[in-house]
Amino acid sequence: MKLNFLQPSFLLSDMAEPRMRLNLHVCRICVQLLRDPATLPCGHNFCLQCIQDHLDRDQRKNRTCSCPQCGHKFPSRPQPIKNTTLEGDAAAAAASMQALKRPALWSCRPGPGGPSSGGRSLCERHGMPLDIYCCTDQQIICAGCDSTEHTGHTIGSVKEERRRKQEELKNMQTKTKQILQKQEKKCENMGKTLEQIQEEARETQDYCESILAGIVDSLQRHYMSVRELIRGQEEEAAAPVQMSLQTLQVKMEEMRKRDAELDHLAQTDDDVHFLQKWTPLWHLCEDDHLPPLVEVSEGPLLPFEFTKRAVDQIGKQLQELCDKEFASISQTGLSGVNNAEQDEEPKTRAEFLQYACCLSLDPTTAHEDLLISAGDKEVRLSPIKCKTPAVRYPERFSHRRQLLCREGLQAERCYYEIEVEGDKAEIALAYKGIDRRSRTKLSAFGGNANSWSLDRSTSYSVSHRADSIQLTTYPCNHRLGIYLKCKEGTLSFYEVSDSMTFLYKVEAEFTEPLYPGFWLGDKCCIRICDLRPDRL
């Protein structure tokens, strides 16, 4: 016993030989000590039951029977031969295994991963030191695992692998720190850029607000001058009329008095008195003449008509100028988008939404039968009982249940979506100068050169210049997407659901801003969808 404490290394070396012998009596299929050892014609040994199961699997899968250790293929199913010699050796090996598993007096405390010997972790299956590293499977193994499960693999020592991995760890840490430094620098620069953008946006907003406020002030001053002009026109036109009116009223009062005297004279019974009063009254009546009447015809009213026409013309010019210039500003603001990305046609709804534009219905264009609600985003036919007297807007559609949006589309790419309830509706884009008074097709969407229309009923059709193209697609979804490329001259219609269903593409040369418009059939409702990211 004393010798054991003094020379533990000697005893450990003696124990290595049984472990190596033990590996020779391990079945390569179940990795356990051989039970009823059986030998194949190729010379390799397995548990009888294990090799029988293996051969059965090969036959069930119509595979050629083979040795699970060397891979040798047999022309027919081999008959395993019981190996009585190995059976006795396996029993002796089992006894040695039990001896190896008994704790030694000099064993150190078990380390993580299993029992330990001399401070080293041992394999729980074979009781051997875990000092081998399989590079192929990236596993820490013992000599027993190496000889049974990792044959033909790239093998190294645990210590050498730790040294190599330690170097890789240092290199990884260095690269990670370098990447972090670059990312921190990039974050710092992006933060500065964001601050510059926000500051520039505030300055631009203040600047534009001051410019537009000055324009509003200028319009207000001109409005006051126009009011003074109208007041002067009123005074100039009304002065002669008022003077004639006052003279006429005085003369009429005198005539009323003469008429009263004549009534009184007619009732007198005294002939002498009658004749005495008659002569002077007769002369007075003969001398009475009414002043000439001032005819209130077109003459005094012409200045007002000229003023209205001039202001109306200024209003149209200002509106057209604002629509054109602000659309140009919007288009210029979007020009910073990557041109390479814009060259690609959108396919998914998310890609279409990059070009979403905000629209609102214009009540001044709506036919009197239409009712607009939901913040100028929804229109439906007004119930007869709820109809109110229509305001006489000059831009209103007179004879067709149509209306336009306020916004004219002129940007490089525009996309919007609408939802339709009901059987019949028309989704159109039109120039601002579309006829709104005619009772003929000239005022109908798609019935003239100034508009293009997608007609939705039991089927789809597309109309322009009164020519209609019938589509083969039938309505399946209530939501429609409209994609406009102004400069390229294309207008595409889609049905929108989880995917985009293409309906039709119009090719034309658009020379003016296009205003989205709608026609509504009975029991129909059209809603402009809010495509802001926080509302999707």
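Here the structure is shown first, and the text comes after it.
Reading the values: the criteria
- Residues numbered from 1 in each chain as written.
- Predicted model: local features only at pLDDT ≥ 70, side-chain atom pairs only at ≥ 80, totals over all residues.
- Heavy atoms only, no water.
- Helix = DSSP H or I, 4+ residues; strand = E, 2+ residues; numbered from the N terminus.
- Buried < 20%, exposed > 50% of the residue type's maximum accessible area, 1.4 Å probe, protein only.
- Contact = heavy atoms within 4.5 Å.
- Areas by Shrake-Rupley, 256 points an atom, 1.4 Å probe, with all protein chains shown as cover.
- Pairing = 2+ DSSP bridges.
- Axes fitted to C-alpha atoms, helices over the stretch in contact; angles between N-to-C directions.
- Expected span 1.5 Å × (residues − 1).
- Salt bridge = Lys/Arg side-chain N within 4 Å of Asp/Glu carboxyl O.
- Patch = residues over 30% accessible without salt bridge, like charges linked within 9 Å, V, L, I, M, F, W, Y side chains within 5 Å.
- Lys, Arg positive; Asp, Glu negative; His and termini not counted.
- Charge placed at Lys NZ, Arg CZ, Asp CG, Glu CD.
- Phe/Tyr/Trp six-rings, centres within 6.5 Å; stacked < 30°, edge-to-face > 60°.

A. Looking closely at the overall build of the protein chain. A tally of regular secondary structure across the protein chain gives ten helices and 21 strands. Looking at the protein chain as a whole, 29% of its 536 residues are labelled buried. Residue pairs at least 24 apart in sequence account for 57% of intrachain contacts in the protein chain once pairs closer than 6 positions are excluded. When the accessible surface of the protein chain is totalled, it reaches about 35300 Å², and 54% of it is carbon and sulfur.

B. The sheet that holds strand β1 (residues 37-39), seen in detail. Pairing in this open sheet of three strands is antiparallel, and the strands run β2-β1-β3 from one edge to the other. Edge positions in the sheet fall to β2 (45-47) and β3 (81-82), since each of these pairs with one other strand and no more. Taken strand by strand, helix α3 (residues 48-60) contacts β1 and β2, and its axis lies near 95° from that of β2.

C. Structural view of the pairing of strand β15 (residues 460-464). Among the five residues that make up β15, four are buried, leaving the element largely enclosed by the rest of the structure. Here strand β14 (residues 451-456) runs beside β15; their pairing, made up of four bridges, is antiparallel. Across the sheet, the residue bridging to serine 453 is serine 463, located in β15. The turn linking β14 back onto β15 is made up of three residues. In terms of strand pairing, β15 meets strand β16 (residues 467-470) through four bridges, oriented antiparallel. Of the residues in β16, the one forming a bridge with valine 462 is isoleucine 469. Counting the residues in the hairpin turn of β15 and β16 gives two residues, including arginine 465, whose phi is positive at 55°.

D. Fine view of the pairing of strand β19 (residues 500-507). Looking at chain direction, strand β18 (residues 490-496) and β19 are connected through seven bridges and run antiparallel. By the bridge assignment, glutamate 495 is partnered in β19 with threonine 501. The antiparallel pairing of β18 with β19 creates a hairpin that spans three residues between the two strands.

E. The arrangement of the environment of alanine 466 in detail. With respect to the element layout, alanine 466 can be found in the loop between β15 and β16. With 20 residues separating them along the chain, alanine 466 and glycine 446 place their C-alpha atoms 5.8 Å apart. With sequence-adjacent residues up to four places away left out, alanine 466 is seen in contact with Gly446, Gly447 and Asn448.

F. How the structure looks around α3. With 13 residues, α3 should reach 18 Å at 1.5 Å per residue; the first-to-last C-alpha distance of 18 Å fits that figure. In this structure, the buried side of α3 is in contact with β2. Two residues or fewer after α3 comes asparagine 62, characterised by a positive phi angle close to 55°.

G. Spatial organisation of the pattern of salt bridges. The tally for this structure, following the rule as stated, stands at 28 salt bridges. Here glutamate 345 and lysine 485 are joined by a salt bridge, their closest N and O atoms 2.4 Å apart. Here the residue glutamate 345 occupies a position in the loop between α9 (339-343) and α10 (349-352), and lysine 485 occupies one in strand β17 (residues 479-485), the gap between them amounting to 140 residues. A relative accessible area of 3% places lysine 485 in the buried class.

H. Fine view of the sheet that holds β14. Spatially, β11-β20-β13-β14-β15-β16 is the arrangement adopted by the six strands of the open sheet, whose pairing is antiparallel. Across the chains shown, the open sheet's two edge strands, defined by having one partner strand only, are β11 (402-404) and β16. Within the sheet, the average angular offset between the axes of one strand and its neighbour, ignoring direction, is 20°. Two elements, strand β13 (residues 425-430) and β14, share six bridges in a ladder whose sense is antiparallel. Paired with alanine 425 across the two strands is arginine 456, which belongs to β14.

I. Representation of the environment of tyrosine 133 within the structure. With respect to the helices, strands and loops of the structure, tyrosine 133 is situated in strand β6 (residues 132-134). By relative accessible area, tyrosine 133 is classed as buried at 11%. Once the C-alpha coordinates of tyrosine 133 and aspartate 146 are considered, the two residues, 13 residues apart in sequence, prove to be 9.1 Å apart. Beyond its immediate chain neighbours, meaning those up to four positions away, tyrosine 133 contacts Gln138, Gln139, Ile140, Thr154, Ile155, Gly156, Ser157, Val158, Glu161 and Lys165.

J. Local environment of the side chain of serine 492. Residue placement: serine 492 occurs in strand β18. On the basis of relative accessible area, serine 492 is assigned to the buried category, the value being 2%. With near-sequence residues (within four places) excluded, serine 492 lies in contact with Gly481, Ile482, Tyr483, Phe502, Tyr504 and Lys505.

K. View of a negative patch on the surface. A grouping of Glu200, Glu203, Asp206 and Glu209 is seen on the molecular surface, where their side chains present a negatively charged patch. Tracing the sequence through the fold places aspartate 206 in helix α6 (residues 158-266).

L. Structural context of a nonpolar patch on the surface. Among the surface-exposed residues, Tyr207, Ile211, Leu212, Ile215, Leu219, Ile314, Leu318, Leu321, Phe326 and Ile329 lie close enough to one another that they form a single nonpolar patch of about 940 Å² accessible area. Taken together, the elements giving at least two residues each to the nonpolar patch come down to α6 and α8 (298-333). Within the secondary structure layout, leucine 318 lies in helix α8.

M. Representation of the packing of aromatic side chains. Overall, the coordinates contain nine aromatic pairs when judged by the stated rule. Taking the centre distance of 5.2 Å and the plane angle of 90° together, the rings of phenylalanine 352 and tyrosine 483 count as edge-to-face. On the criterion of sequence distance, the pair formed by phenylalanine 352 in helix α10 and tyrosine 483 in strand β17 is long-range, its members being 131 residues apart. For the residue pair phenylalanine 352 and tyrosine 483, the accessibility class agrees, reading buried in each case. Ring geometry for tryptophan 452 against phenylalanine 510: centres 5.1 Å apart, planes inclined by 90°, an arrangement best described as edge-to-face. Of this pair, tryptophan 452 sits in strand β14 while phenylalanine 510 is found in the loop between β19 and β20 (515-520), placing the two residues 58 residues apart along the sequence. Taken individually, tryptophan 452 and phenylalanine 510 each receive the classification buried, so the pair is uniform in this respect. Pairwise contacts between aromatic rings join Phe352, Tyr355, Tyr415, Tyr483, Tyr494 and Phe502 into one cluster.

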